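Chain by chain, the residues:
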Amino acid sequence: MNETLQADEATPLLSVPASPGPTERPAVLPVVRRYRLRGLNADDTLASQYRFPTDAERIAFLLLVQLHYNESHYNVLNDSSDIWEKWQHARAASAVAEDIGQRATEMLNQFLLNHSSSSAIQTIFWTAFPLEDTGHTTTRVIDMLAEVHIPPELLTHPVVDAVVIKCWKYGMKAGSAQDHGLSLIGHFDALSTPRVLHFIDVLGRLVFMGSLIHYLLYPPHFHITLGQNEQGTREMILTFMSAAPLARRWSIHTLPAMLVFPAFVMTLPSVPLPGNVSFSVLHIALLLQLVLLHLPDSPSLPVAVKPESAIPLSTLLSHGATRIVIPVTLFFFPVLLLATFLVSASLVDNPLLVLTNSLEVTPMDSRSSFFILFITVIILLLGGLGVTLAMFPTLASSTTSTSRWDRYSREIGLHARRSFVEALVQYEPYYFPVPFNLLQLVVRVPCMVFSGLGHPVTPYIKSIERVLWRVIVGLIGAVISGFWLWGLA
C-alpha cells in the first residue's frame, strides 16, 4: 500500500496496480469490504490511496464506495434470520444510511463550491467503475440512485434533479465542452436522447395497442367453404410486435405480449376468432396494455408527457390502488360475494333446484332483507375506501419541499424519482426500442453461432449493431428530434 502512495505518473503501470490511470479505475467492492472493517472514518485515507485524472472522478468513486457501503448493510439485514441480529442490523443500517446521506450531500456541495462546469458535474454521475478487480461488471452513481435504499438527502438534492432532467431531455453529453469535438456521426447519434428513445418505445406500444383494437373491432370472418383462416398482414404484425417484448428482460410490461403471442401462435394456421378462448384472451391483453401505459414505470405515458408532474401523480394512484383499493376490496370480497348470491337467488322467479326441491318462490321479506344486506355491504365497501383514502399517510404530506416531485408527499416523490432514474438508465445510447430489438437479434444470433463454431466475431458485434441502430432507430430519432426542435445543448 505504501508503494501506491509513493507512485507518480512516471511510474510504470505494471509496478503500481493500485494507482489507476484514466482508463484503469479502482474497484468499488474491495474498498467497501475494507470500509466494513474500519468504518466510514477512513475517507481521508481512501482519497489518498488512489490517483484520479479529475476531481469529479474522485468524488464519483467516493460516492460509489459510500453508497455501496450503505447497500451492504441492508443486504446483511435481509440475510439475517435471528431476531436479535436482525434488530441490531436494522439499527446499524438506519444509522449508516443517515450518516451517508449527510456525508454524500456535504461532499457534493463542497464540489459544487469549487466547480461550476456542467460537464464536471455530469462526470460524477456517469463515470463507470468496476465492481471487482476481476470481471467486467461496472457501477455508476446514476445506477445507485435507482436503488431502494438510496439516502433521500442525496436523491432529493437539487443538482441531482437538474442532472437527471437535463440528461433525459438532451442526452448524456448535454452541456459538455467536448461536444464541439464530436464528429457528424456523433452529433447524429446524440439526437436520439433518452426522451426520444422512450417516445419511440411508447409509440411502438401504441401502434401495437391500435392494431389490437382494430383486430378486436373487425375480426376476420370465418368462411365455412374455405375452412380455417390464414393469417393476414394485420395478424402477422400483431404476432411480430408481441414477440418483440418477449425477447427483452421480462417485466410487468411484458404481460400483454405474453397473452397475445401464444393466442396467435397456438391457433395457427387459423387466427383467434370471436367465441374462442384465444379471442377473449386478446381482450384481457388490451385492458392490461391500457393500464400499463399509465404506470409510473417506463415505458409509459406519464414518463413521456411531463415527468415532474405526471410520474408523481401516477405513483400516487398506483400506491392508492395497491395499498387501499385492492386490500379493502379483498377484505369485503367474501361478504360481498355472499350478499350478491343471496340477492340474486331471492330475486329470481324460478327457484334454484340445487338449494331446494320446493317450487315456492322466495318470500318478499327475505328479498327485502337480502337486498338491504347487499346495499349495506356496498356502502361499507365504499365507506371503507373513503375512510382509508382520507387516512392515507402519503396524502397528508408534512414536507416543506417546493419541488414538484414532492407535491403529494416526500414518500411519493422518492418513488417517482427512482422510477424516472430507472427510465433514464434504461434508454441509454444505442438502445433498441420495441419492436426494433428483434433486428438486434438478427445480428447477435449469427455472431453467437460463429463464436460457437470457433470463429469469434464478438469485437464486431457492437460495430454492426451501431450501424443497424443508426439506419433504423437513429433515423427515426433524428426525425422526432427535428420535429420537436430538440437541439443539443
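As the structure is a computational prediction, the values presented were derived from the model and not from experiment.

**Quick word on the overall build of the chain**
Right, on to step 1. Secondary structure summary: the chain contains 20 helices and two strands in total.
Right, on to step 2. Sequence-distant contacts, at least 24 apart, represent 70% of the contacts inside the chain between residues at least 6 apart.
Right, on to step 3. With an accessible surface of roughly 26800 Å², the chain has 65% of that area assigned to carbon and sulfur atoms.

**A closer look at the pattern of salt bridges**
Right, on to step 1. What the rule picks out here adds up to 12 salt bridges.
Right, on to step 2. Residue E132 pairs with R33 through a salt bridge whose shortest N-O separation is 2.9 Å. Within this pair, whereas E132 is found in the loop between strand 1 (129–130) and strand 2 (138–139), its partner R33 is found in helix 2 (residues 29–38), the two being separated by 99 residues in sequence.
Right, on to step 3. The exposure class of E132 is partly exposed, given its relative accessible area of 27%.
Right, on to step 4. R470 is the partner of D189 in a salt bridge, and the nearest nitrogen-oxygen pair spans 2.9 Å.

**Thoughts on the environment of V31**
Right, on to step 1. Within the element layout of this structure, V31 appears in helix 2.
Right, on to step 2. Spatially, the C-alpha atom of V31 lies 9.7 Å from that of L131, the residues being 100 residues apart in sequence.

**Some words on helix 9 (residues 158–170)**
Right, on to step 1. Taking 1.5 Å per residue as the helical rise, helix 9 with its 13 residues ought to reach 18 Å, and the 18 Å between its terminal C-alpha atoms agrees with that figure.
Right, on to step 2. Here helix 9 has its buried residues at V159, V160, D161, V163, V164, I165, C167 and W168.
Right, on to step 3. Just past helix 9, the residue G171 takes up positive phi, approximately 95 degrees.

**Section: the packing of aromatic side chains**
Right, on to step 1. Going through the model one piece at a time under the given rule, you end up with 10 aromatic pairs.
Right, on to step 2. Aromatic side chains F61 and F129 sit 5.3 Å apart centroid to centroid with 50 degrees between the ring planes, which places their arrangement in the tilted category. Here the residue F61 occupies a position in helix 4 (residues 55–79), and F129 occupies one in strand 1, the gap between them amounting to 68 residues.
Right, on to step 3. Assessed through its relative accessible area of 0%, F129 is described here as buried.
Right, on to step 4. With a centroid separation of 5.2 Å and an interplanar angle of 90 degrees, the aromatic rings of F331 and F332 are classed as edge-to-face.
Right, on to step 5. The class for F331 is exposed, based on a relative accessible area of 63%.
Right, on to step 6. Here a set of aromatic residues connected by ring pairs shows up, and it is made of F52, F61 and F129.
Right, on to step 7. The residue whose ring lies beneath R25 is F129, and the NZ or CZ to ring-centre distance is 5.7 Å.

Rules used in this analysis
- Residues numbered from 1 in each chain as written.
- Predicted model: local features only at pLDDT ≥ 70, side-chain atom pairs only at ≥ 80, totals over all residues.
- Heavy atoms only, no water.
- Helix = DSSP H or I, 4+ residues; strand = E, 2+ residues; numbered from the N terminus.
- Contact = heavy atoms within 4.5 Å.
- Areas by Shrake-Rupley, 256 points an atom, 1.4 Å probe, with all protein chains shown as cover.
- Salt bridge = Lys/Arg side-chain N within 4 Å of Asp/Glu carboxyl O.
- Buried < 20%, exposed > 50% of the residue type's maximum accessible area, 1.4 Å probe, protein only.
- Expected span 1.5 Å × (residues − 1).
- Phe/Tyr/Trp six-rings, centres within 6.5 Å; stacked < 30°, edge-to-face > 60°.
- Lys NZ or Arg CZ within 6 Å of the ring centre and 35° of its normal.

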